[in-house]
Amino acid sequence: MAHVPPDSTSGASAGDTPGAPNDPLRSILQLLRPPGWVIEELQNKLVLFLNHVLQQEPAATERLRRQAGKPLRVQWGDFHFCVAPSRAGLLERVDPAQHTPELTVSLTQTSPADLARRVLTGEKPAVDIQGDVQFAAEVAWLVDNVRWDVEEDLSRLMGDAAAHTLVGFARQAAQAIKGFAARMPRPPGSGGGAA
């Protein structure tokens, strides 16, 4: 595998965005930025995880196979990375300096806390999609239809009964967290956005 330099920052800081709200959590994240090699390893692990999930759904790999070689840029704030579907229907990291993205998916939630709240309450994060329409339709299908079968993976490690019990407990905990997050007051102006 060729070395792909970490593609984690666009050079902009949180204060560079005109009109961006002062978010203390975002400021802390800016100060705690990990070194480039850590970001690169995290991106590699993320791609491995995504490929593991995709391999569990043959229709997903078939859809990606049709889009082979088309670079996709995923961005949240100033963190981003670039991947492209391979001929096997899996994802591989590509160097954005050598491959102009044909599709860009940007999470538009600027606040990490608001993004976490939306995910925990089952809402889709607000996104902005730009680029190839057919590729965007395939990515949207993947987001809507591909899910990680946690219980199946855990059963390989600890057996069916233990995995079922653990996943049941995790679902109950997640429901409790969703309920708590839904009762939290929302900041003014965050009443929703494009999904």
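Sequence order as written defines residue numbering, which begins from 1 separately in each chain. This being a predicted model, a pLDDT of at least 70 is required before a residue's local features are given, and a value of 80 or more before pairs of side-chain atoms are given or counted; all residues contribute to the totals for chains, interfaces and linings. By convention in this description, side-chain values take in all heavy atoms of the structure and omit both hydrogens and water.

Draft legend 1. Representation of the side chain of Gln43. You can see Gln43 is positioned in helix H2 (residues 36–55). Between buried and exposed lies partly exposed: a residue is buried under 20% and exposed over 50% of the maximum accessible area for its type, with that area taken using a 1.4 Å probe on protein chains only. In this structure Gln43 comes out as buried when scored by relative accessible area, which is 7%. A distance of 3.3 Å separates a polar side-chain atom of Gln43 from the backbone oxygen of His80. Secondary structure elements follow DSSP: runs of H or I no shorter than four residues count as helices, runs of E no shorter than two count as strands, and numbering proceeds from the N terminus. Under the rule applied, a polar contact is a pair of N or O atoms within 3.5 Å (in protein, one hydrogen donor and one hydrogen acceptor; residues adjacent in sequence only if both atoms are side-chain atoms).

Draft legend 2. Region of interest: a nonpolar patch on the surface. A cluster of nonpolar side chains, namely Leu157, Met158, Leu166 and Phe169, defines an oily patch on the protein surface of about 450 Å² accessible area. If you list the elements that add at least two residues to the nonpolar patch, you get helix H6 (150–158) and helix H7 (160–183). By the element assignment, Phe169 lies in helix H7. To count toward a patch, a residue needs a relative accessible area above 30% and no salt bridge. Like charges then connect within 9 Å, nonpolar side chains (Val, Leu, Ile, Met, Phe, Trp, Tyr) within 5 Å. Note on areas: Shrake-Rupley, 1.4 Å probe, and residue coverage restricted to the protein chains presented here. A carboxyl oxygen of Asp or Glu within 4 Å of a side-chain nitrogen of Lys or Arg is what we treat as a salt bridge.

Draft legend 3. Quick peek at the environment of Gln67. Within the secondary structure layout, Gln67 lies in the loop between helix H3 (58–65) and strand S1 (72–76). Residue classification places Gln67 among the buried positions, given a relative accessible area of 4%. Sequence separation between Gln67 and Ala84 is 17 residues; the distance between their C-alpha atoms is 8.3 Å. Contacts are residue-level and defined by heavy atoms, with any inter-residue pair within 4.5 Å sufficient. Residues within four places of Gln67 in sequence aside, it is in contact with Pro85, Gln134, Phe135 and Glu138.

Draft legend 4. Quick look at the packing of aromatic side chains. Only rings of Phe, Tyr and Trp enter the pairing, Trp through its six-membered ring, and a pair is recorded when the two centres are within 6.5 Å. The plane angle decides the type: under 30 degrees is stacked, over 60 is edge-to-face, the rest tilted. Taken as a whole and judged by the stated rule, the model has zero aromatic pairs. Across from the ring centre of Trp141, 4.1 Å away, lies the NZ or CZ of Arg63, which sits over that ring. In this scheme, Lys NZ or Arg CZ marks a charge over a ring once it lies within 6 Å of the ring centre and within 35 degrees of the ring normal.

Draft legend 5. Highlighting H2. Expected helix span is given by 1.5 Å per residue-to-residue step, counting one fewer step than there are residues. Under the 1.5 Å per step criterion, the end-to-end length of H2 is 29 Å for 20 residues, consistent within 8% with the ideal 28 Å. Buried residues in H2 make contact with H3, strand S2 (79–85), strand S3 (91–93) and helix H5 (133–145).

Draft legend 6. Region of interest: the environment of Arg118. In this fold, Arg118 is placed in helix H4 (residues 112–120). With relative accessibility at 5%, the residue Arg118 sits in the buried group. Remark: the alpha-carbon pair of Arg118 and Ala182, spanning 64 residues in sequence, is separated by 8.9 Å.

Draft legend 7. A look at the sheet that holds S2. Pairing within the open sheet is mixed, and its five strands lie in the order S3-S2-S1-S4-S5. Two strands lie at the open edges of the sheet, namely S3 and strand S5 (127–131), each paired on one side alone. Going across the sheet, the axis of each strand differs from the next one's by a mean of 25°, ignoring polarity. Two strands qualify as a pair provided DSSP detects at least 2 bridges between them. With five bridges connecting them, strand S4 (residues 103–107) and S5 associate as antiparallel partners. In this analysis an axis means a line fitted to C-alpha atoms, helices contributing only their contacting stretch, and an angle means the value between N-to-C directions, from 0 to 180 degrees.

Draft legend 8. Looking closely at the pattern of salt bridges. Enumeration over the complete set of coordinates arrives at four salt bridges. For Glu62, the salt bridge identified is with Arg65, shortest N-O distance 2.5 Å. Of this pair, Glu62 and Arg65 both sit in helix H3, three residues apart, which is roughly one turn of the helix. On the basis of relative accessibility, which here comes to 35%, the residue Glu62 falls in the partly exposed class. Relative accessible area serves as the criterion here: at 36%, Arg65 is assigned to the partly exposed category. Of the charged contacts in the structure, one is a salt bridge between Glu138 and Arg63, with a shortest N-O distance of 2.6 Å. With Glu138 in helix H5 and Arg63 in helix H3, this pair connects stretches of sequence that are 75 residues apart. In this structure Glu138 comes out as buried when scored by relative accessible area, which is 3%. In this structure Arg63 comes out as partly exposed when scored by relative accessible area, which is 22%. Through salt bridges with shared partners, a single network forms among Arg63, Arg66 and Glu138.

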